[in-house]
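Given next are the chains, with one letter for each unit.
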Amino acid sequence: MMGEKIKKHMNEQIKYELESFYIYLSMVAYFHLQNLDGMAHWLRCQAHEEMIHAMKFFDHIIDRDATVTLLDVKQLKTTWNNLLEPWQDAYEHEKFITGKINYLTKISREENDYTSEPLLAWFLNEQIEEEKNTGKIARELAMVESSPEGILLLDRELATRLFTAGSPLDPSVYNPAA
Ligand code: OFO
């Protein structure tokens, strides 16, 4: 049985993860327009991951016999003034999400909801990666911002990201027990 507060905030977290999906998808479209298909590819993999994150919370709530309430997903930024801005936004967004996961962890402890701890521990670790990756790309791009060769080199590197988890809508991708 889930406490009311953790249930409410986990439902909100589904929305935040779907907003992350939406933000990254918007960036995919932007970078294709800039002819930077490697950056678009990296962000497309990221968008897939965000859908999986949303489904992890979705599935956890259902497994706990509680109600999933899907909330409105906000329309966020759809264009940027330069190539660096989306990556800076991605880094800031991931810090925002880390704050949300920290808060969920705090609430779960207040409500003695130990059953949510493995899921939240997974997300705490995931957020280290999310901040590390987006922050690193933003810093590297800032270094080469005025060099077309440098930008193309980074674009080629980002094109090599592998996404091996399968379809985000396949339950076995986000729930090994399914
Ligand atoms: Fe779901 O981690 Fe990024 O936003």
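As shown above, the structure is provided for reference.
Heads up: these notes are all about the structure in this document. All of these numbers come straight from a predicted model, not from anything done at the bench.

This brings us to the overall build of the protein. Of regular secondary structure, the protein possesses six helices and zero strands. The helix and strand sequence of the protein, counted from the amino end, reads α-α-α-α-α-α. Since a compact globule built from 178 residues should have a radius of gyration of about 16 Å, the 17 Å found for the protein is in line with a globular shape. Here the protein holds 178 residues, and the buried ones make up 45% of them.

We now examine the nonpolar core. Formed by 22 residues in total, the largest nonpolar core has its most connected members in Met 27, Phe 31, Met 39, Leu 43, Trp 87, Leu 141 and Leu 158. Put simply, the parts of the chain that give this core at least two residues each are α1 (4-33), α2 (37-63), α3 (84-110), α4 (117-144) and α5 (148-158). Residue contacts for Met 39: discarding those within four places in its chain leaves Phe 31, Trp 87, Leu 141, Ile 151, Leu 154, Asp 155 and Leu 158.

On to the side chain of Thr 134. Structurally, Thr 134 can be placed in helix α4. A distance of 2.8 Å separates a polar atom in the side chain of Thr 134 from the backbone oxygen of Glu 130. The residues contacting Thr 134, other than those within four sequence positions of it, are Tyr 24, Trp 42, Trp 87, Ala 90, Tyr 91 and Glu 94.

Moving on: the packing of α3 against α4. The N-to-C vectors of α3 and α4 enclose an angle of 160 degrees; their axes lie 9 Å apart at closest approach. Between α3 and α4, the interaxial angle falls into the category roughly antiparallel. For the pair α3 and α4, the sense of crossing is left-handed. For the contact of α3 with α4, the class distribution of residues is 14 nonpolar, eight polar and six charged.

Counted according to the given criterion, the structure contains seven aromatic pairs. Centroid distance Tyr 16 to Phe 96: 5.5 Å. Interplanar angle 85 degrees. Geometry classified as edge-to-face. Taken together, the residues span a long stretch of sequence, with Tyr 16 in helix α1 and Phe 96 in helix α3 at a distance of 80 residues. Both rings, one in Phe 57 and one in Phe 123, keep their centres 4.3 Å apart while their planes meet at 20 degrees; by these two values the pair is stacked. Here Phe 57, found in helix α2, pairs with Phe 123, found in helix α4; they are 66 residues apart in sequence, far enough to count as distant. By the burial criterion, Phe 57 is buried, and Phe 123 matches it. An aromatic cluster is present here, built from Tyr 30, Phe 31, Trp 42, Trp 80 and Trp 87 joined pairwise through their rings.

Glancing now at the packing of α2 against α4. Relative orientation of the contacting elements α2 and α4 amounts to 165 degrees, with a least axis distance of 13 Å. As far as their axial angle goes, α4 and α2 are roughly antiparallel. For α2 against α4, the interelement crossing comes out left-handed. In contact with Met 39, Trp 42, Gln 46, Glu 49, Glu 50, His 53, Lys 56, Phe 57 and His 60 of α2, α4 contributes Leu 119, Leu 120, Trp 122, Phe 123, Glu 126, Glu 130, Asn 133, Thr 134, Ile 137 and Leu 141. A class-by-class count of the residues in the contact of α2 with α4 yields nine nonpolar, five polar and five charged.

Calculation rules
Residues numbered from 1 in each chain as written. Predicted model: local features only at pLDDT ≥ 70, side-chain atom pairs only at ≥ 80, totals over all residues. Heavy atoms only, no water. Helix = DSSP H or I, 4+ residues; strand = E, 2+ residues; numbered from the N terminus. Rg over C-alpha atoms; globule rule 2.2 N^0.38 Å. Buried < 20%, exposed > 50% of the residue type's maximum accessible area, 1.4 Å probe, protein only. Core = buried A, V, L, I, M, F, W, Y, C linked by side-chain atoms within 4.5 Å. Contact = heavy atoms within 4.5 Å. Polar contact = N/O pair within 3.5 Å; in protein donor to acceptor, adjacent residues only side chain to side chain. Axes fitted to C-alpha atoms, helices over the stretch in contact; angles between N-to-C directions. Parallel < 35°, antiparallel > 145°, perpendicular 65-115°, else oblique. Left-handed = near helix turned anticlockwise from the far one by under 90°. Nonpolar A, V, L, I, M, F, W, Y, C, P; charged D, E, K, R; others polar. Phe/Tyr/Trp six-rings, centres within 6.5 Å; stacked < 30°, edge-to-face > 60°.

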